[in-house]
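Coordinate analysis (summary)
Each chain, letter by letter, is given below.
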Amino acid sequence: MPTQSLNVITLKPDQLTAMPTLVQISEGRSFPVTGDGCGIVVVFYSAESAQVTIKGGDGVFAGKDLKLTLAGEKYLFLQLESGPYMKYSGENKGKIVIEGSSSATVGVIQLG
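1. Some remarks on the environment of Ser-89
- Along the polypeptide, Ser-89 turns up in the loop between strand 8 (74-80) and strand 9 (95-100).
- You can call Ser-89 partly exposed: its relative accessible area is 44%.
- Ser-89 sits 30 residues away from Gly-59 along the chain, and the two C-alpha atoms are 8.3 Å apart.
- Polar side-chain contacts of Ser-89 include one of 3.0 Å to the side chain of Asp-58.

2. Comments concerning the pairing of strand 10 (residues 104-111)
- For strand 10, the buried fraction is high: seven of the eight residues fall into the buried class.
- Of the strand pairs in this sheet, strand 2 (residues 8-11) and strand 10 are connected by four bridges, and their pairing is parallel. Following the sheet pairing, Thr-10 is matched in strand 10 by Gln-110.
- In the sheet, strand 3 (residues 23-24) pairs with strand 10 via two bridges, with the strands oriented antiparallel. Looking at the pairing, Val-23 lines up with Val-106 of strand 10.
- Strand direction decides the pairing type here: strand 5 (residues 40-46) and strand 10, joined by seven bridges, are antiparallel. Note that in strand 10 the partner of Val-43 across the bridge is Gly-107.

3. Quick notes on the pattern of salt bridges
- Using the criterion set out here, one finds two salt bridges in the structure.
- For Arg-29, the salt bridge goes to Glu-27, with nearest N and O atoms at 2.7 Å.
- Since its relative accessible area comes to 36%, Glu-27 is described here as partly exposed.

The rules we used
- Residues numbered from 1 in each chain as written.
- Predicted model: local features only at pLDDT ≥ 70, side-chain atom pairs only at ≥ 80, totals over all residues.
- Heavy atoms only, no water.
- Helix = DSSP H or I, 4+ residues; strand = E, 2+ residues; numbered from the N terminus.
- Buried < 20%, exposed > 50% of the residue type's maximum accessible area, 1.4 Å probe, protein only.
- Polar contact = N/O pair within 3.5 Å; in protein donor to acceptor, adjacent residues only side chain to side chain.
- Pairing = 2+ DSSP bridges.
- Salt bridge = Lys/Arg side-chain N within 4 Å of Asp/Glu carboxyl O.

Now the structure itself:
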């Protein structure tokens, strides 16, 4: 299933950056993996308790889906390595896919 793409902001050493714009996850979101795929921080927020899934990848390092429960009214940060979650084929090739409930929002920071 094709997903809507997230904008990824890059945080470089010794530089300030704004919080990424958080968008609703409900219709499925994805973001491209750049560089070595390390140093990815996924930011979540939900006004109420919500379920979120980072879909497992399909490459040699493929992992299972990562299912998370978000506490309401809190920003949560997840450091993510791309290997277990990146898609290597199909419509989302080169991306990580996130799905979840309509109350959950997400943004991505790439450490650079």
